[in-house]
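Chains, contacts and geometry: an overview
Here is what each chain is made of, one letter per residue.
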2 protein chains.
Amino acid sequence: MPVFLDTSDAGFEHGFATLLSAKREDSPDVDDVVAGIIAEVRARGDAAVCDLTGRFDRLSLTPSELRFSPEEIAAHAARVPEAERVALEQAAQRIRAYHVRQMPEDAWWTDPEGAGLGWRWTPVSAAGLYVPGGLASYPSSVLMNAVPAKVAGVERLAICVPTPDGVVNPAVMLAAQIAGVDEVYRVGGAQAIAALAYGTESIAPVDKITGPGNAFVAAAKRRVFGKVGIDMIAGPSEILVIADSDNDPDWLALDLLSQAEHDESAQSILICDDAEFGRRVVEAVEARLETLERRAIAGASWRDFGAVIVVRDLEEAAALSNRIAPEHLELCVADPEALAAQCVHAGAIFLGAWTPEAIGDYVGGPNHVLPTARSARFSSGLSVLDFLKRTTLARMSPEALGAIGPAAEVLARSESLEAHGLSVTARLQRLNRGTGG
Amino acid sequence: MPVFLDTSDAGFEHGFATLLSAKREDSPDVDDVVAGIIAEVRARGDAAVCDLTGRFDRLSLTPSELRFSPEEIAAHAARVPEAERVALEQAAQRIRAYHVRQMPEDAWWTDPEGAGLGWRWTPVSAAGLYVPGGLASYPSSVLMNAVPAKVAGVERLAICVPTPDGVVNPAVMLAAQIAGVDEVYRVGGAQAIAALAYGTESIAPVDKITGPGNAFVAAAKRRVFGKVGIDMIAGPSEILVIADSDNDPDWLALDLLSQAEHDESAQSILICDDAEFGRRVVEAVEARLETLERRAIAGASWRDFGAVIVVRDLEEAAALSNRIAPEHLELCVADPEALAAQCVHAGAIFLGAWTPEAIGDYVGGPNHVLPTARSARFSSGLSVLDFLKRTTLARMSPEALGAIGPAAEVLARSESLEAHGLSVTARLQRLNRGTGG
């Protein structure tokens, strides 16, 4: 049974604080192992990558076999059933249409002092995308990472995906093809992250690495951060559903379970303004759990981390939501826009009961890579901005330097940075001698 | 003497690669010490912060003395000479005017399938800014961090600044006052970062921590990342000047020295298309070094990490610049805009000889917190975006769900995420029974 809390109860604050601070993930400490793997790949390149792939994926490769040929990718992709191909193409098209709108604009203006100012966005030259193997090998995640990279203008996009025992996920290959990925390597784990960050004879280094992965991949990403850029380190998935009692309990039960089925550490929370309705949703969850394929995982998540919170009104719901800062927030209420305006910390908001969170995982358009573990307080989901960087621009005219240079001289002197000041002074002296321009 | 390279020489590629890979910083490994300090602050709160401040800053404080009162801030700020006050206010005004233009726009549209889509930007609720004490306690850095935070709409902005032996930098207090900082604490080091991230009885926790610091502060920021957001971990400063021979060697010498004087690990590089001109700049540097206040630091930086590179033409210069990906790039050439278009990896570009880099440190308007150590390949300088986060929004109409829901069902099934699919199916069944809407 999930936790059942009521804001009217005396013990509520204690119970809610316990819920917020529950440690859901206990990552094994693999840092030393990962440090060794990275050092090995840096020292021996392809040979190390092949050795490690043999050891971890039971796959014997020569360096020239690390990369899938275009023909191999096409052959694997061709095995995907037609309905899936159409669905992936529709998803890619919608994700692209959404992310194209995120492209930021360059700026350039001249200010009253005559200084030209602005900025310019340019894409990262090369990006690497990690795709897990096995059960969590999701073609939708390939699209969610690769499409924004290509929209941003990344010239070279490489995927690393492990193929344990040589088993390839054809839908991952198709998604890579649809998204326009340039290179695909059958390499996984920390060795893939090391190869992408430092390069080997066969795998050129990239500037930025994104994508989910297990504890080894996460530890490797942390270690190579600085040498390359990385996206966030994602934790277990979460959903918060805020609902009034004018909802179908079965719909909400399925929405709660669609996070719970990801992972035993996932968390699903319902906030409602009617205890009786809350109990009906719990019953609906129990009913669905009886037949759900992943009932072992979903049941454990719901039992250990699930919660139903009864509030007096929606203002209270919004306040609690802001303390939770959920990855996914579903608002199944009469006026979801009004409630959304009060919910300021959330990765993604799904407005109204006709917008199940699962739509956002696949075909809504917005990205499904979102901040977890309360990090929506300070971070955002993946976007084209993750594959762009901004260069600031400034151009002083002699007159502009005359107008603002003296302040720079004063501040440089006050910070005891003499050469800073002199670099302005030397120019102002020429200006004052009337030979500038 | 700095390195002198010529792209026409046979050994150039080796020399340039050596320059690129030079390890300029050898940070002491303080991670264990920092882990202990963070644990102590988490366990004992204010008492630990006071103890640590006594130990490291030789300052005996009670918890109620950790925070500067508004009267104390005003009294310290009033000690700043009038010329400095005016310069700081002009700087703040220009930084504000630049960063206001960075504010991103919210979006909302309805697509052809009838799906409402968009996103919304909201500020981080509370941010903490670390300001180093001693020699590197720069009021300009207070402005560069605090002004964007306040422009972004951060409600609560707290500063931690150590005051060793009780010595307060009045200009830092004035900058905090001008920027509208809400709280200032006389706490430094890893204990300040721990207090900001986890909170104590007197210091409420924040959501994001920015600002420069020594090895202890940097290690602490890395450790609390995830619990809170952090900005980049800045390395030693760098400048690349690309100049034709139609320049005053003394101006360029001062620009090179204005980075070199920051730190013995700083790096200043000149690229020019005329070896004789390059030698004249080196002579000008030597001449200025004879009298410069910080000649010991600047001289060591220039000797150990400085470089002059002679190229055949500006295209070659741009290609090398892109491999260096400099923090600061000064283009002292006839058509700096044309050259800037080719230089795609740089934190900030200064266009033309009348735009010394030092202008950007103080009063230009763009931020002076910029990516170092080649990270301009994948990251950007500080901006209002560092104090904002984006929530994606989606609202399906029943018709929109009817149009795109089936693709989500197919993809959920292919990824073996049954509840995901069922959450769509349950709604489509109602729609198909004609009772939706």
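Procedures and definitions
Residues numbered from 1 in each chain as written. Chains lettered and ligands numbered in written order. Predicted model: local features only at pLDDT ≥ 70, side-chain atom pairs only at ≥ 80, totals over all residues. Heavy atoms only, no water. Least-squares fit on C-alpha atoms with pLDDT ≥ 70 in both. Contact = heavy atoms within 4.5 Å. UniProt positions renumbered as here; feature names shortened; annotations may be inferred. Helix = DSSP H or I, 4+ residues; strand = E, 2+ residues; numbered from the N terminus. Polar contact = N/O pair within 3.5 Å; in protein donor to acceptor, adjacent residues only side chain to side chain. Buried < 20%, exposed > 50% of the residue type's maximum accessible area, 1.4 Å probe, protein only. Pairing = 2+ DSSP bridges. Axes fitted to C-alpha atoms, helices over the stretch in contact; angles between N-to-C directions. 1 Å grid on protein atoms, 1.4 Å probe; cavity = no way out; pocket = protein on both sides within 12 Å on 5 of 7 lines; lining within 4 Å. Points joined across faces, edges and corners; volume = space filled by probe spheres on them. Nonpolar A, V, L, I, M, F, W, Y, C, P; charged D, E, K, R; others polar. Core = buried A, V, L, I, M, F, W, Y, C linked by side-chain atoms within 4.5 Å. Phe/Tyr/Trp six-rings, centres within 6.5 Å; stacked < 30°, edge-to-face > 60°.

Right, let's talk about the relation of the copies chain A and chain B for a bit. The relation between the two copies of this chain is a rotation about an axis and a shift parallel to it. The transform that puts chain A on chain B rotates by 180° and translates by 0.0 Å along the axis, for an RMSD of 0.0 Å. In symmetry terms, the pair is related by a two-fold rotation axis. Identified as the residue of chain A closest to the rotation axis by C-alpha distance is Pro104(A), at 4.2 Å. Both copies present the same face, since 100% of the interface residues in chain A are matched by interface residues at the equivalent positions in chain B.

Moving on, we come to the UniProt feature "binding site: NAD(+)" (unreviewed entry) in chain A. Residue and element names in this part refer to chain A. On the UniProt side, "binding site: NAD(+)" (unreviewed entry) is annotated at positions that read Tyr130, Gln191 and Asn214 here. A maximum C-alpha distance of 12.6 Å places the annotated residues, which cover 85 residues in sequence, within one compact spot. Among the secondary structure elements, Tyr130 is positioned in strand 4 (residues 126-130). Once you skip the residues sitting within four places of it in the chain, Tyr130 turns out to touch Cys160, Pro162, Val187, Gly188, Gly189, Ala192, Ile193, Thr210, Gly211, Pro212, Gly213 and Val217. Within the local environment of Tyr130, its side chain forms a polar contact with the backbone nitrogen of Gly189, the two atoms lying 2.8 Å apart. Turning to its location among the elements, Gln191 is positioned in helix 8 (residues 189-198). Residue Gln191 is classed as buried on the basis of its relative accessible area of 2%. For Gln191, the contacting residues outside a window of four places in its chain are Ile37, Val41, Leu52, Thr53 and Phe56. Only 3.0 Å separates the side chain of Gln191 from the backbone oxygen of Gly188, close enough to count as a polar contact.

Strands sit in the order 1(A)-11(A)-10(A)-9(A)-12(A)-13(A)-14(B)-3(B)-2(B) across an open sheet of 9 strands; the sheet is mixed. Here the strands that pair on one side only, and so sit at the sheet edges, are strand 1 (3-6) of chain A together with strand 2 (107-110) of chain B. The mean inter-strand angle of the sheet, taken between neighbouring strand axes irrespective of direction, is 15°. Across 4 bridges, the pairing between strand 2 of chain B and strand 3 (residues 116-123) of chain B is antiparallel. What sits directly across from Trp109(B), in strand 3 of chain B, is Leu117(B). Running at roughly 170° to strand 9 (residues 238-243) of chain A, helix 13 (residues 314-324) of chain A makes contact with strand 9, strand 10 (267-272), strand 11 (307-310) and strand 12 (328-332) of chain A of the sheet.

To continue, consider the layout of surface pockets. Here the second largest pocket defines a volume of roughly 560 Å³. Around the second largest pocket sit 24 residues that line it, and Met103(A), Pro104(A), Glu105(A), Pro104(B) and Glu105(B) are the ones nearest its centre. Secondary-structure elements contributing two or more residues to the lining of the second largest pocket are strand 3 (116-123) of chain A together with strand 2 and strand 3 of chain B. In terms of residue class, the lining of the second largest pocket is built from 13 nonpolar, 4 polar and 7 charged.

One pass over the structure, following the stated rule, counts 4 cavities of 30 Å³ or more. Reported here for the largest cavity is a volume of approximately 70 Å³. Residue lining of the largest cavity: 14 residues in total, with Ala348(A), Phe350(A), Gly360(A), Pro366(A) and Asn367(A) positioned closest to the centre. Of all the elements in the fold, those that place two or more residues in the lining of the largest cavity are strand 13 (348-351) and helix 15 (357-362) of chain A together with strand 14 (388-395) of chain B. Of the residues belonging to the lining of the largest cavity, the class tally is 7 nonpolar, 5 polar and 2 charged.

Turning our attention to the nonpolar core. The biggest cluster of nonpolar side chains holds 186 residues, and the ones touching the most others in it are Leu143(A) and Leu143(B). Leu143(B) has contacts with Leu88(B), Ala91(B), Ala92(B), Ile95(B), Pro148(B), Ala175(B), Ile178(B) and Ala179(B), leaving out every residue within four places of it along the chain.

Geometrically, a pair of aromatic rings is defined through the distance of the ring centres and the angle of the planes. As enumerated under the stated definition, the model contains 10 aromatic pairs over all chains in all. Taking the centre distance of 5.5 Å and the plane angle of 20° together, the rings of Phe12(A) and Phe16(A) count as stacked. Residue Phe12(A) and its partner Phe16(A) are both found in helix 1 (residues 12-21); the two are separated by 4 residues, about one turn of the helix. An identical accessibility class is assigned to Phe12(A) and Phe16(A); each is buried. A ring pair is formed by Trp251(B) and Trp354(B), whose centres lie 5.0 Å apart and whose planes are at 75°; its orientation type is edge-to-face. Of this pair, Trp251(B) sits in helix 10 (residues 249-260) while Trp354(B) is found in the loop between strand 13 (348-351) and helix 15 (357-362), placing the two residues 103 residues apart along the sequence. Residue classification places Trp251(B) among the buried residues on the basis of a relative accessible area of 5%.

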